[in-house]
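Each chain, letter by letter, is given below.
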Amino acid sequence: SGRVMLRAAASIARALPTSLRTNSASTAAPTLTSSAASASPRRVTVAVASSASKSSQVLGSHRSRASSSPAPSAHAPRARAVVCSRRRHRRDYTAADASATDAGAAMVNDAADATGCASASVGDFIEAFNADYARIHKAYEDNFWATKMNLEGNSTEALTASFLALESFLGDIPTLAVVREMLANSAAPTAEQAVVLRHIEKTLKCYIVESPEAKKVREEGVSLENQMNGARNKLKYAYCEDGVSVEATPTVLRTKIRSSKDEDVRKSCWEATRTVGPFLLENGFPRIIAERNRFARTLGFVDFYDMKVTQAEGFSKQRCFEMLDGLEAATAPILEKALAKLRAEKGEDALKPWNLSYALSGELSREMDTYFPFENAPEVWGRSFAALGINYRGTKMQLDLCDRVGKYPNGFCHWPVAPHKGQDGQWHPSEANFTSLATPDEVGSGNTALTTLMHEGGHAAHFANIEQGSPLFSQERAPFSVSLAETQSMFLDSLCGDAAWLGRYARDRSGSPVPWELLERSIREKHPYEVFMLRGMIAVPYFEKALYELPEAELTGENIARIADEIEVRIQGGLAGRPLLSVPHITSDESSCYYHGYVFAEMAVHQTRAHFHGKYGDIVDNAEIGPELLRNYWLQGSGDPGFLKMVEDLTGKPLSHDSWVSGMSKETEAVVQDEKVEYAKAVKAAPVGASGEIDLGMHAIFVHGNEVISDSEQEHGYVAACAKFKTWVNANWPKTVAV
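The model shown is predicted, which means the values in this text are computed figures rather than measured ones.

Calculation criteria
Residues numbered from 1 in each chain as written. Predicted model: local features only at pLDDT ≥ 70, side-chain atom pairs only at ≥ 80, totals over all residues. Heavy atoms only, no water. Helix = DSSP H or I, 4+ residues; strand = E, 2+ residues; numbered from the N terminus. Buried < 20%, exposed > 50% of the residue type's maximum accessible area, 1.4 Å probe, protein only. Contact = heavy atoms within 4.5 Å. Phe/Tyr/Trp six-rings, centres within 6.5 Å; stacked < 30°, edge-to-face > 60°. Disulfide = S-S within 2.5 Å. Pairing = 2+ DSSP bridges. Axes fitted to C-alpha atoms, helices over the stretch in contact; angles between N-to-C directions. Salt bridge = Lys/Arg side-chain N within 4 Å of Asp/Glu carboxyl O. Arc of directions from axis to C-beta.

Colleague: Requested: an account of unusual backbone geometry, with residues and values cited.
Modeller: Excluding glycine, most residues fall at negative phi; most peptide bonds, likewise, are trans. Here the bond from A478 into P479 is cis, since omega is 10 degrees, no more than 30 degrees from zero. Take P479: it is sitting in the loop between α17 (445–464) and α18 (482–493). In this model, D640 is joined to P641 through a cis peptide bond whose omega is 15 degrees. Here P641 lies in the loop between α24 (625–634) and α25 (643–651). The phi dihedral of D242 falls on the positive side, at around 55 degrees, and the residue is not glycine. The topology assignment puts D242 in the loop between β5 (237–241) and β6 (244–248). Residue D242 is classed as exposed on the basis of its relative accessible area, which comes to 71%. At D621, a position not held by glycine, the phi torsion is positive, near 60 degrees. Secondary-structure assignment places D621 in the loop between α23 (596–616) and α24. Relative accessible area serves as the criterion here: at 12%, D621 is assigned to the buried category.

In structure tokens, the structure reads:
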């Protein structure tokens, strides 16, 4: 047993995270100079003495890295520490001051004392790993938020450095070796600790890059991407109205394409969205695709898409597109029928990309707009989620909800602090950054913003409730399933289309509910064309698949632009209202080759809704729904059993597109009758908890760029914080003031 514990002690020594170390006067490590911090990689070799042998043993290596990252300690050489939890004896060693004699004596002493305390030492390792991860991850996320929100002083260089620091930490080979040796020593970890160690192993394998060439390719690709996206933040958009050029954000352009009565304005806005593609293609996007592919192939994947889907979902690109091909084939006839119906009812011009969304909902959007006042959206979201029994378990959430020049053109929710349960059982709650793109006085903006709140708030609820032994289970990157993450948000935003929800929550500034006549028109005008949304979703993964399968010599701007148009025509039946090259996801390393997750999530949403309707009858304001989601989809995070098994376990069926296609194929008259019944019940019931305080277990801070608008702690409650936010909106967009 002495030899076993000696090996266990050596394992912990090889790659102990920095936060587990202390410096005593007798073993203090020297302060690193700038030259030391930028030293070339080296191995730290320490002789280990034992009664059986005098052989020397390499305790591990660490690559020192120079960087401008805001987490500098992540780039300094890691000290090697020997730990025995029984005596809490810790001794630090660095390349500068560790001698073989000191190390040998310490190792022998600790090994002799380690019998019976191996699992506690594993616990120390896990705690230290978690603390280091949390620090480095937060440094990156703070930079991510600053650049995406275009905050004062943001730096793409700092973003790149902190991103590479995070990937470097997650790609540390000695740490993987330690984890594997701990797992091999079956007497050391408890069952719960083994779950955490296996997940650390699974995560590290997604990021470890042994080839120096691959590392260089990766770093160059990330730098190019951040430079391109930094330039995109400064890209100016303009459309023409009454002969005048008007600057606008991408969000405003999309809103006007949906709602402007003037076809010339809609066309001008659509043409402005088409300028994104040429800009990307002239600013390095083809080279970024080549670098991503080169990196993935050095790791043995077919291409970058194969790498991303395999790491996140656990199945190959081939399996991914087998599922997508089945959905594409099942809905192609529905698409043809919908296009023919629209052409017959509204003429050939309705199919033009700048006319399509307006033809489906333009006038209706204007009439519905009054029932979605943006300034009320945060409170509506809060009441709806509270009625579902959703709680954020102490999350601190920063919400930047309004559009502005230079802001990232897509809503998202990220977690600077990912939650976890410590080895002592203590709960460490999350911190979330949450954004939408409302222009409060634009027609349709309130509806879009509320749906985004429901969507991103769904992400936040999901991740806030992941209760595992490491924040790795609740980080928003591989090996977290994109499909699992999007299922939660899309399930919750799907409620915004239900008459049962609209009858309760879609109310004008005087409190009157949206009339049934408008909802009936909405169903009749939209239901036959729901396939357009589906086909628009699957176009993105088919486009990215084609991009990453292009031979490098053919990765030209001209070819990429041609392929984008060809995919739009083949999958969507014509050029798209939202051009594929304007979709923000495709340019970001984290969200590229990601969109299939929305498609699989939508499958799961329809299957989950069908299950809940069968089990409970009602979903909206049903306090059983939140706990059901918690138990079946949320607690495990990216751990076992995984997305496909979670869906099957909850619904009793393997994931398929059957429920989605069945709902889309339902006769419009039947949908109208069913929804009319639900609407009548909803209006009569009114929202659960329509007044009074809202307790979501959350600290909410409303911001606008660098400006803090309101804070639920300072205002002594979420409702008061919402009221202050509403006052701010009214002051900045006077049209939102109730008449």
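Colleague: Residues and numbers for the side chain of Q607, please.
Modeller: Secondary-structure assignment places Q607 in helix α23. With near-sequence residues (within four places) excluded, Q607 lies in contact with V647, T651, K653, P654, L655, S656 and S659.

Colleague: Go over the packing of aromatic side chains with me, naming the residues and quoting the values.
Modeller: Going through the model one piece at a time under the given rule, you end up with 31 aromatic pairs. Pairing F315 with F600 gives two aromatic rings, centres 6.2 Å apart and planes at 70 degrees, and the pair type is edge-to-face. Within this pair, whereas F315 is found in the loop between α13 (304–313) and α14 (317–346), its partner F600 is found in helix α23, the two being separated by 285 residues in sequence. Owing to a relative accessible area of 11%, F315 belongs among the buried residues under this scheme. Their ring planes at 25 degrees and their centres at 5.6 Å tell us that Y529 and F532 sit as a pair that is stacked. Assigned by exposure class, Y529 and F532 land together as buried.

Colleague: Which residues make up the state of the cysteines, and what values go with them?
Modeller: Throughout the structure, instances matching the rule amount to zero disulfides. Sulfur of C320: no disulfide; nearest cysteine sulfur belongs to C593 and is 9.6 Å away. Residue C320 is classed as buried on the basis of its relative accessible area of 0%. Judged by relative accessible area, C593 falls into the buried class, the value being 2%.

Colleague: Tell me about the environment of A500, and name the residues and values.
Modeller: Mapped onto the elements, A500 comes out in helix α19 (residues 499–505). Distance in space between the C-alpha atoms of A500 and D621 is 9.2 Å, their sequence separation being 121 residues.

Colleague: A description of the sheet that holds strand β8 (residues 412–417) should follow, citing residues and the corresponding values.
Modeller: Read across the open sheet, the five strands follow the order β8-β11-β7-β12-β13; overall the sheet is mixed. Each edge of the open sheet is held by one strand with a lone partner, namely β8 and β13 (707–711). The average undirected angle you get between the axes of adjacent strands in this sheet is 25 degrees. Where strand β12 (residues 698–704) lies against β13, four bridges are found, and the strand directions are antiparallel. Among the inter-strand pairings, F702 is bridged to a residue of β13, identified as S710. Here α17 sits on the sheet in contact with β7 (395–402), β8 and β11 (431–438), set at roughly 165 degrees to β11.

Colleague: If you had to explain the pairing of β6 to someone new, which residues and values would you point to?
Modeller: Relative to β6, β5 runs antiparallel, the two being bridged by five bridges. Counted as the bridge partner of A238 is E247 from β6. Remark: two residues form the turn of the hairpin made by β5 and β6, two consecutive strands paired antiparallel; D242 in that turn has positive phi of roughly 55 degrees.

Colleague: Requested: an account of the pattern of salt bridges, with residues and values cited.
Modeller: Under the defined criterion, the tally for this structure stands at 41 salt bridges. Of the charged contacts in the structure, one is a salt bridge between R294 and E291, with a shortest N-O distance of 2.8 Å. Of this pair, R294 and E291 are both found in helix α12 (residues 285–298), three residues apart, which corresponds to roughly one turn of the helix. Residue R509 pairs with E375 through a salt bridge whose shortest N-O separation is 2.5 Å. Taken as a pair, R509 in the loop between α19 and α20 (516–526) and E375 in the loop between α15 (356–369) and α16 (377–387) lie far apart in primary sequence, 134 residues in all. The exposure class assigned to E375 is buried, which follows from its relative accessible area of 3%. Residues joined by salt bridges that share partners form a network here, namely E141, E476, R477 and E590.

Colleague: Which residues make up helix α26 (residues 658–665), and what are the values?
Modeller: Among all positions in α26, only W660, V661 and M664 are buried. Seen from one end, α26 has its buried residues packed into an arc of 90 degrees, which puts them on one side. Those residues of α26 hidden inside the fold are in contact with α14, α21 (530–549) and α23.

Colleague: Please set out the side chain of S638 residue by residue, giving values where relevant.
Modeller: Looking at the secondary structure, you find S638 in the loop between α24 and α25. The class for S638 is buried, based on a relative accessible area of 6%. If near-sequence neighbours (up to four positions away) are discounted, S638 is found in contact with H199, K202, L472, F473, P479 and F480.

Limitation: the analysis is restricted to geometry and does not speak to function.
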